[in-house]
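Each chain, letter by letter, is given below.
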Amino acid sequence: MVKQLTWIDMEVGNIVKEAGSASFRRTGDWRTERPIIDKEKCNKCGLCWLYCPDVAIRPLENGYYEPDLYYCKGCGICAKACPREAITISEEEEK
Amino acid sequence: MSKRVALEASFAVAEAARMADVDVTAAYPITPQTHIPERLAEMVADGELDAAYIPVESEHSAMSACLGAAAVGARTFTATAGQGLELMHEVVYVASSMRYPIVMAVCNRALSAPLSVWGDHSDAMAVRDTGWIQVFCQNNQEAFDLTLWAFRVGEDPKVLFPVMVHLDGFTLSHVTEPVILPEQSEVDRFLPKFQYLFALNPDKPMTHGAFGPPEIYSEAKIAQEVAFRKSKEIILQGWNEFGNIFGRHYFPVEQYRTAGAKTLLLTMGSSTETAKIVIDERRDKGEAIGLISLRLWRPFPFEEFRQIVKGAETLIVLDRCISSGMGGPVFSEVRSALYNEVPKPKVVNIIGGLGGRDISENDFEYVIDRSREIAKQGSEKMLETVGVRGKMIGIRG
């Protein structure tokens, strides 16, 4: 939970003095669709990781990749980039 | 020693920017501002000014380039007028809310249509709410002085707001008058180097211009507003210090022969000097009439203004702009500033001097006489003009 700042806490010009603060924002809650990676088809090439505009594909120790759903907005670029069609985009269901 | 030279107001402004040793100018030429960027470009090309001159493709880009320059801590200057100010409008807001102390000279020009390159205050009034400190000049000396002062005030770490210096298009921008230019050493004493604590720097990354979702936008705007109102203290200090060094004194509300005045005339910009002639004549005949001029337009000088007009019976406001369906914008604000005051003068609004129409001494005679009639009648039509052909009939609010 981000601290609730008052107007007195605001920096001049609303500057954010520490770099990388966007990582605190859960952008994954915009998502309406999610990528699902089929390990049977995946050859660990890493193109999904390379193409993801939000750095939301995580490399795993075993060489495979998985989407980081805290940030993933479900844009589908990874599915387009995958040469083996190992990534499918599936609609989020209401819980 | 300072020297007295004949200068166009535009050249005086450029000279002030040069003596302030600006680092970056990004500007797009537009009548009647053209001589300012032209002269600055010449200074940079001739090596008289060590600055980056960015010849942008529009005013929108001019202000955007200025944001970038200010973000890295460069002393930044630009100038525009009329339609150019309108084209950069959205970026004008960004400069103040990101707290970049850019200085901009505006050679006030009417807005189209009909197409007009000539002077009035429509462009200034359209950027009234943009969060810039705004001042109006009455002559060329003031154009020089206030440009210099603008850097000092805007860049003060307690302020960090951009400053707009308004000078009337043509009536000032293209008129040559004697201007006293100070020594560089005096300017350096008045104006310290710009040291911006939050300058973008790859060695210490930070974010300028982050977005503000609903949970923080309100706090951001209130923080900006509180800081803007507090800037008045430094505005006054800046003028005080200016007076000490250069011997010319500026005030948020300028007064001319106001002692004991029952009638006050309020003007802004260069027409103030014409009005002085009429005030002199009438004062010398024994009329209790005086003149005031809003030097500081934003932040609005409530305190000084109320104090000065307190004793008057009638306050005549000459607006060089129409807020459509409302009246003169200066009038609206002035009347609102007085609404809860007791006692307060009756406030009368006259609109004139649109699109470069001269406001002559005779016009001011009419403005004063007609305003007194209106004040006496106690009722007001919603539209009163000076120097406009044709009788005003049947206009109601």
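Above this note sits the structure.
Residues numbered from 1 in each chain as written. Chains lettered and ligands numbered in written order. Predicted model: local features only at pLDDT ≥ 70, side-chain atom pairs only at ≥ 80, totals over all residues. Heavy atoms only, no water.

**Considerations on the overall build of chain A**
Using the following cut-off: Only DSSP runs of H or I with at least four residues qualify as helices, and only runs of E with at least two residues qualify as strands; both kinds are numbered from the N terminus onward. Just to be clear, the radius of gyration here is over C-alpha atoms, and the globule rule we use is 2.2 Å times residues to the power 0.38.
Regarding its fold elements, chain A presents 2 helices and 4 strands. Counted from the first residue to the last, chain A has its helices and strands arranged as β-α-β-β-α-β. Relative to the compact-globule value of 12 Å for 95 residues, chain A shows a C-alpha radius of gyration of 17 Å, a clear excess of over 25%. The C-alpha extent of chain A, read off along each of the three principal axes, is 55 × 30 × 20 Å.

**Topic: the pattern of salt bridges**
The condition that has to hold: Each salt bridge in this description consists of a side-chain nitrogen of Lys or Arg and a carboxyl oxygen of Asp or Glu lying within 4 Å of one another. The classification of residues rests on relative accessible area computed with a 1.4 Å probe and restricted to protein chains. Under 20% of the type maximum is buried, over 50% is exposed, and intermediate values are partly exposed.
A complete count under the given rule lists 31 salt bridges over all chains for this structure. The closest approach of N and O atoms between Lys17(A) and Glu11(A), which form a salt bridge, is 3.1 Å. Accessibility expressed as a relative area gives 31% for Glu11(A), which makes it partly exposed. Salt bridges here are not isolated pairs; linked through shared partners, they connect Arg282(B), Glu287(B), Glu365(B), Asp369(B) and Arg372(B).

**With respect to the sheet that holds strand β10 (residues 263-267) of chain B**
Residues and elements named next belong to chain B. Put simply, the rule is: Pairs of strands are assigned from DSSP output, requiring at least two bridges between the strands. Axes here refer to lines fitted to C-alpha atoms; in helices the fit is confined to the stretch in contact. Angles between the N-to-C directions go from 0 to 180 degrees.
Read from one edge to the other, the open sheet built from 5 strands follows the order β9-β11-β10-β13-β14, with strand pairing classed as mixed. Single-partner strands in this sheet number two, and they are β9 (253-256) and β14 (346-351). Going from strand to strand, the sheet's axes swing by 25° on average, the running direction of each strand aside. The pairing of strand β13 (residues 314-319) with β14 spans 6 bridges and is classified as parallel. The partner of Thr314 across the bridge, within β14, is Lys346.

**Things to note about unusual backbone geometry**
With omega at -5°, the peptide bond leading from Ser112(B) into Ala113(B) counts as cis. With respect to the helices and strands, the residue Ala113(B) is situated in the loop between β5 (103-108) and α6 (122-126). The peptide bond linking Ala113(B) to Pro114(B) adopts the cis configuration, its omega dihedral lying at -10°. By the element assignment, Pro114(B) lies in the loop between β5 and α6. Of note, the phi angle at Glu85(A) is positive, near 50°, even though the residue is not glycine. Residue placement: Glu85(A) occurs in the loop between α2 (77-81) and β4 (87-91). Relative accessible area serves as the criterion here: at 60%, Glu85(A) is assigned to the exposed category. For Phe170(B), which is not glycine, the phi torsion reads 65° and is therefore positive. Take Phe170(B): it is sitting in the loop between β7 (163-168) and β8 (176-181). Under the relative-accessibility criterion, Phe170(B) is labelled partly exposed at 26%.

**What to know about helix α3 (residues 59-71) of chain B**
Residue and element names in this part refer to chain B. Our working rule: A helix is expected to span 1.5 Å for every residue after the first. By definition, residues are in contact when any of their heavy atoms lie within 4.5 Å.
With 13 residues, α3 should cover 18 Å at 1.5 Å per step; its first-to-last C-alpha distance of 18 Å lies within 8% of that length. Among the residues of α3, Glu59, Ser61, Ala62, Met63, Cys66, Leu67, Ala69, Ala70 and Ala71 are the ones counted as buried. If you follow the buried residues of α3, they end up packed against β2 (24-27), β4 (76-80), α4 (82-87), α5 (89-97) and β5. Directly beyond the C-terminal end of α3, a positive phi value near 90° is found at Gly73.

**Some words on the nonpolar core**
The cut-off we apply is this: Residue types Ala, Val, Leu, Ile, Met, Phe, Trp, Tyr and Cys, when buried and joined through side-chain atoms within 4.5 Å, form a set referred to as a nonpolar core.
If you look at the biggest cluster of nonpolar residues, it comprises 54 residues, and the most contacted ones within it are Phe77(B), Ile133(B), Leu148(B), Trp149(B) and Leu167(B). The next biggest cluster of nonpolar side chains, apart from the first, holds 27 residues, and it includes Leu67(B), Val92(B), Ala95(B) and Leu160(B).

**Observations regarding the interface of chain B and chain A**
The condition is simple: Buried area: the sum, over both parts, of the accessible surface (1.4 Å probe) that disappears when the two are put together. In protein, a polar contact means a hydrogen-donor-capable atom and an acceptor-capable atom, both N or O and within 3.5 Å, with residues adjacent in sequence counting only if both atoms are side-chain atoms; elsewhere, any N or O pair within 3.5 Å suffices.
Residue-level contacts link 21 residues of chain B with 13 residues of chain A. Both faces combined, the contact of chain B with chain A buries some 1,500 Å², and carbon together with sulfur accounts for 68% of it. Among the residues chain B hides against chain A, the three largest losses belong to Phe198(B), Thr207(B) and Glu219(B). Together they make up 26% of the total. Linking chain B with chain A are 1 salt bridge, by the criterion used here. Linking Glu215(B) and Arg25(A) is a salt bridge whose minimum nitrogen-to-oxygen distance equals 4.0 Å. On the surface where chain B and chain A come into contact, there are 1 residue pair in polar contact (both at pLDDT 80 or more).

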